[in-house]
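Below are the chains, spelled out letter by letter.
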Amino acid sequence: MKEIIMTECTSLQFVSPFAFEAMQKVDVVRLASLSDPELRLLLPCLVRMALCAPADQSQSWAQDKKLILRLLSGVEAVNSIVALLSVDFHALEQDASKEQQLRHKLGGGSGESILVSQLQHGLTLEFEHSDSPRRLRLVLSELLAIMNKVSESNGEFFFKSSELFESPVYLEEAADVLCILQAELPSLLPIVDVAEALLHVRNGAWFLCLLVANVPDSFNEVCRGLIKNGERQDEESLGGRRRTDALRFLCKMNPSQALKVRGMVVEECHLPGLGVALTLDHTKNEACEDGVSDLVCFVSGLLLGTNAKVRTWFGTFIRNGQQRKRETSSSVLWQMRRQLLLELMGILPTVRSTRIVEEADVDMEPNVSVYSGLKEEHVVKASALLRLYCALMGIAGLKPTEEEAEQLLQLMTSRPPATPAGVRFVSLSFCMLLAFSTLVSTPEQEQLMVVWLSWMIKEEAYFESTSGVSASFGEMLLLVAMYFHSNQLSAIIDLVCSTLGMKIVIKPSSLSRMKTIFTQEIFTEQVVTAHAVRVPVTSNLSANITGFLPIHCIYQLLRSRSFTKHKVSIKDWIYRQLCETSTPLHPQLLPLIDVYINSILTPASKSNPEATNQPVTEQEILNIFQGVTGGDKSRLNQRFSITAQLLEALLANTKDFRNGSSGSYFISLHFVTFPDCFLIKEGQYSNRTLVSFYNLWLHSALLRLLATNYPHLCIVDDWICEEEITGTDALLRRMLLTNNAKNHSPKQLQEAFSAVPVNHTQVMQIIEHLTLLSASELIPYAEVLTSNMSQLLNSGVPRRILQTVNKLWMVLNTVMPRRLWVMTVNALQPSMKFVRQQKYTQNDLMIDPLIVLRCDQRVHRCPPLMDITLHMLNGYLLASKAYLSAHLKETEQDRPSQNNTIGLVGQTDAPEVTREELKNALLAAQDSAAVQILLEICLPTEEEKANGVNPDSLLRNVQSVNTTNTPNKGMEEGEDNLLCNLREVQCLICCLLHQMYIADPNIAKLVHFQGYPCELLPLTVAGIPSMHICLDFIPELIAQPELEKQIFAIQLLSHLCIQYALPKSLSVARLAVNVMGTLLTVLTQAKRYAFFMPTLPSLVSFCRAFPPLYEDIMSLLIQIGQVCASDVATQTRDIDPIITRLQQIKEKPSGWSQLCKDSSYKNGSRDTGSMDPDVQLCHCIERTVIEIINMSVSGI
């Protein structure tokens, strides 16, 4: 069809770009320079400009108009155009509208016409013999007929034969009429519709160019309309090819808008051949030998862009173009491939045959042989061409011809200069060879590829040193070789796609020949392993370094266990690489550590359990830590910190899972020496300053390690404290930091503590200055602070000093908790004369956490130091759990014959108990013992009781106490108020117990089944918010056979009902009342007295919390009284009046309200002379009933 259109337009003259630009800009001077044939094409527009009244009334336009008139004065055809403009276009438009209505009514095929009554001769003769009005009608009628047929064709292309548009004699006159009609009747003849109709007639492209040239402002509108109505694949149909060629003629007329039209093509995803053709035209006009051509950029953008719709559309164009049986030079796809091949051949260093290998001297060095290098100015263009051909073959499905394959292989095996672009080119060439192995089809080509790969191996070090690129192609070669050895073909495919920057389909079977070459000729596995450890580590490795690095190769070799298989040590290389690490972390670093740890712990095979890699030693890690935590602050930098964190994670993960005696050594050394929390804090700080996903990954990995193996370092209170330390308050304190604060040395602090008995001011001043320092700066003062804590227990030490020391201790706890705890426990031991104090170690404290509570008794009444003690106790309880779990795993393999079970001694039929159950029992006993000791600390001492401290008043309103004794130093804080030290210590203990109960509710159950003094019930219920969980097991506790546990359960329940008046509490209270009624019938006299005397006051609390229980409780009290009365009926008659009063009180409680207020009833002074238990119980019943009535009456 291209030939048809070119034949149509061979003898026709088109509007030149110069003439179109002159018309577009109305440049009269340029128009005057046009030749007569060029000017003839533009007459319709020029005549209209000269005759029609202009909107521009300026003087300059008046002069231009005179020039146009002078220009037109000598042209004969102007007269016919003037005659055309003299027609009554209004009447013509009305007749045309009537004809359209008639055609619509009678059907498009009707031959009747209102515009043209009857034709005596053919359309051409009629046009020749007609005057101007009839010529207008003839052309308009023919054009409307074509437009109607286009609208009815539903997109199917047709070719309309029309004498009027085919006769070469009248083409110019017909074009004049067409231009005048469209200009005078724009609503009847929209220019886009007219352009669409002209595609269906012969010479339509010429008519279209003349029409647009005479209305230059409509160029973009016409082009967009033609593209929008065009086919998705223009090369497949006659209409698509005609439309493409017409648009090409338009763009040749206005070349400045060609690229914009190409953008419309891509935007609409129509006419791909047009886009390529316009690019080819643009490339020929602006050819650039060295730079990347516009054709390469355009096609690469279509196939490698992010728009999947465009990629699919253009890929279909390539595939359909190849499916046509014959490709002639007129095919746009053929022209594109030819142009790309010419560009490829233009940058080849030497046009050479693949047989050159045979002809060359084998002794000739590669660098001086016929293999000339690729020019530096061509490297970037060569890389772009390689990626384009990869996209064409991999995404669009292009099948290269033999000539294309030959030239591509020559380009891929060329040798670029040692520049970053050259490294990139070699990497692309190598990946293209892997992706499209079909390019290598002959033995000569295969030998050429092997020689080139050998050159890559030889020149890799030179390229890396000269180009300055850390990621060279040598690592990629090594990595691919490792993948081939481990048969990870999918990983090779991913690597190729990643390097090429596109997702292409590569069949694993296509890599079989390359695998043979790599594994047998170039890289054997032993060669790969030996070469890998000699590869230098990447300096300052971070995520900013992209490409394939040695770390990728080492990672894959570790995964395949090649180092252990060939007995090659990789420990030193990993250690050096970790020491050369900086932030942000490289994404391959943490996976490398994980696979290295796995290779240390897991043998390569069961038959060879010793086939493991060597771990990094603790001394090597300590060397790094000396650079992180040394006294010289300038040595603390980000690189040391991140390396220390990586090595810490490596060692901890490795040693934590190793078996044998190394476990205990690791516990003692690692817990005290390595500042894990300091590293965590440094890592968190770096995460805030350098936002990086991999920094966060390392930080989270260390946190996960600590939470799993060292839960005592993950206490929430410490994290909250750390947030306070690193917040805005800390920033303000740092602003207040003076040189005096920095000048205080640990020795000066020790001297100040020594003077505490006589002078508090000096130590107060120093420790206040120390609060302005950061946590890491406080580390040198830790030993002095802890060793002098015992002096702070003496009387007369100001509270402010104690609180400041507590604050400093908490800050130090964020960076060095384990060492700080050991020093503090040893410092707070009780001082005993003639007895040498034992120095506990970290291991001792984890085995027996209760050592923490064996401190000086004065600590129990010093809230700031008690807070520290409780913090350490909580940490060591958690550490003990982790220690026992690790110990269980370490010794698990030492007892295979016992199957981890133990039989109970002396019980042959007893069920076997697992070691896990014994461990859990030991931990439960340990926790419950700690809770019981803490509860005992909450009780007032004998000295405090002698001084008038009422434990109940600590949670209730202050009661008046008769203090007849002389006040002493124990009452300095306040006699019986809520601001005493005991009260503060009780609050601290209750907070810790609350945390323990929430963490493990079974501890609360065990402690309450063991029981504790009932005097503490008001404290525990009101002070521990989680005590409500006791409602779950109180029914079980009441059901115990021991009377003491039943009494404790009812007393506990009475306080819980007051604190938590919930429906669940009501049901449990009702159960307790029923149980008391049941026990009344089964208990003996002595047990009845022992049970009901302490539990009857609890009934008052039940009634206060739940008034609906009033009837049941009153009935129970009368039953108890009747049982007691029956037992003493033969001995005394004093009980009957009591029972009578109880009955009357139950029936008419309001009548006894005045009696209830009698002090004798309240104090229980009536009838207390008898020592009989039943009598005393009856009086207790009476007092209980009166209290219940008193409560109910006062409530009303």
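The following refers to the structure shown.

Rules of the game
- Going along each chain's sequence as written, the residues are numbered from 1 onward.
- With pLDDT at 70 or above as the cut-off, local features in this predicted model cover only qualifying residues; side-chain atom pairs require 80 or more to be listed or tallied, and sums for whole chains, interfaces and linings still use all residues.
- Hydrogen atoms and water are omitted, and side-chain values are computed over all heavy atoms in the structure.
- Secondary structure elements are taken from DSSP: a helix is a run of H or I of four residues or more, a strand is a run of E of two residues or more, and numbering for both begins at the N terminus.
- Using a 1.4 Å probe on the protein chains alone, a residue whose accessible area is under 20% of its type maximum counts as buried, one over 50% counts as exposed, and one in between counts as partly exposed.
- Think of it as the arc spanned by the lines of direction from the helix axis to the C-beta atoms.
- Only heavy atoms matter for contacts: two residues are in contact if any of them lie within 4.5 Å across the pair.
- Side-chain atoms within 4.5 Å link the members of a nonpolar core, which is a set of buried Ala, Val, Leu, Ile, Met, Phe, Trp, Tyr and Cys residues.
- For every domain, the bounds stem from an assignment made automatically or drawn from a database.
- Working convention: axes come from line fits to C-alpha atoms, limited for helices to the stretch in contact. Angles between N-to-C directions cover 0 to 180 degrees.
- Orientation categories follow fixed angle ranges, with anything under 35 degrees roughly parallel, anything over 145 roughly antiparallel, 65 to 115 roughly perpendicular, and all other angles oblique.
- Crossing handedness: left-handed means the near helix sits turned counterclockwise from the far one by under a right angle, and right-handed means the same turn made clockwise.
- Each salt bridge in this description consists of a side-chain nitrogen of Lys or Arg and a carboxyl oxygen of Asp or Glu lying within 4 Å of one another.
- Only the six-membered ring of Trp is used, alongside the rings of Phe and Tyr, when aromatic pairs are assigned; centres must lie within 6.5 Å, and planes under 30 degrees apart are stacked while those over 60 apart are edge-to-face, with the rest tilted.

Some words on unusual backbone geometry
Next, step 1: At Val26, a residue that is not glycine, the phi angle is positive and equals roughly 50 degrees.
Next, step 2: You can see Val26 is positioned in the loop between α2 (17–25) and α3 (28–32).
Next, step 3: The class of Val26 is partly exposed, set by a relative accessible area of 35%.
Next, step 4: Here the phi dihedral of Asn540 falls at roughly 50 degrees; this positive angle occurs in a residue that is not glycine.
Next, step 5: With respect to the helices and strands, the residue Asn540 is situated in the loop between α30 (525–534) and α31 (550–559).
Next, step 6: Looking at Asn540, the relative accessible area reads 37%, which means it is partly exposed.

With respect to helix α43 (residues 746–754)
Since the α-helix turns once every 3.6 residues, residues separated by three or four places project in the same direction.
Next, step 1: Burial in α43 covers these residues: Leu749, Ala752 and Phe753. Each buried residue of α43 lies within a common arc of 100 degrees when the element is viewed along its axis, so the set occupies one face.
Next, step 2: Along its buried surface, α43 packs onto α44 (761–770) and α46 (782–787).

A word on the nonpolar core
Next, step 1: Counting 213 residues, the largest nonpolar core has Leu250, Phe314, Phe430, Met432 and Phe518 as its most contacted members.
Next, step 2: Split by domain, this core shows at least three residues from each of two domains, domain 1 (17–80) and domain 2 (534–604 + 611–627 + 634–657 + 670–709).
Next, step 3: Among all residues touching Phe430, those that are not within four sequence positions of it are Trp452, Leu453, Met456, Met476, Leu477, Val480 and Phe518.
Next, step 4: One finds Val797, Val859, Ile1024 and Leu1053 within the second-largest nonpolar core, a separate group that totals 132 residues.

Some details on the packing of α44 against helix α47 (residues 799–813)
Next, step 1: It is at 10 Å that the axes of α44 and α47 come closest, and there the two elements cross at 30 degrees. One element, α44, and the other, α47, form an angle in the roughly parallel class. Crossing angle aside, the handedness with which α44 passes α47 is left-handed. Residues Val763, Met764, Ile767, Glu768 and Leu770 of α44 pack against Arg800, Ile801, Thr804, Val805 and Leu808 of α47.

Comments concerning the pattern of salt bridges
Next, step 1: Here the structure, examined in full by the defined rule, presents 25 salt bridges.
Next, step 2: With its nearest N and O atoms 2.9 Å apart, the salt bridge here joins Glu21 to Lys25. In this pair, Glu21 and Lys25 both sit in helix α2, 4 residues apart, roughly one turn of the helix.
Next, step 3: When its relative accessible area of 29% is taken as the criterion, Glu21 is described as partly exposed.
Next, step 4: Ionic pairing is found between Asp27 and Arg30, a salt bridge with its closest N-O pair at 3.7 Å.
Next, step 5: A relative accessible area of 25% means that Arg30 is categorised as partly exposed.
Next, step 6: One salt-bridge network, held together by shared partners, links Glu21, Lys25, Asp27 and Arg30.

A closer look at the side chain of Gln932
Next, step 1: Among the secondary structure elements, Gln932 is positioned in helix α51 (residues 915–938).
Next, step 2: The exposure class assigned to Gln932 is buried, which follows from its relative accessible area of 16%.
Next, step 3: Those residues in contact with Gln932 that lie beyond four places of it in its chain are Val1007, Gln1010, Gly1011 and Tyr1012.

Let's talk about helix α24 (residues 402–412)
Next, step 1: With 9 of its 11 residues buried, α24 lies for the most part within the structure.
Next, step 2: Taken together, the buried positions of α24 are occupied by Glu404, Ala405, Glu406, Gln407, Leu408, Leu409, Gln410, Leu411 and Met412.

What about the packing of aromatic side chains?
Next, step 1: By the definition in use, this model includes 10 aromatic pairs.
Next, step 2: Ring geometry for Phe1091 and Phe1092: centres 4.9 Å apart, planes at 85 degrees, overall edge-to-face.
Next, step 3: Among the residues examined, Phe1091 registers a relative accessible area of 0% and is labelled buried.
Next, step 4: Owing to a relative accessible area of 0%, Phe1092 belongs among the buried residues under this scheme.
Next, step 5: Taken together, the aromatic side chains of Phe165, Trp206 and Phe207 make up a single cluster linked through ring pairs.

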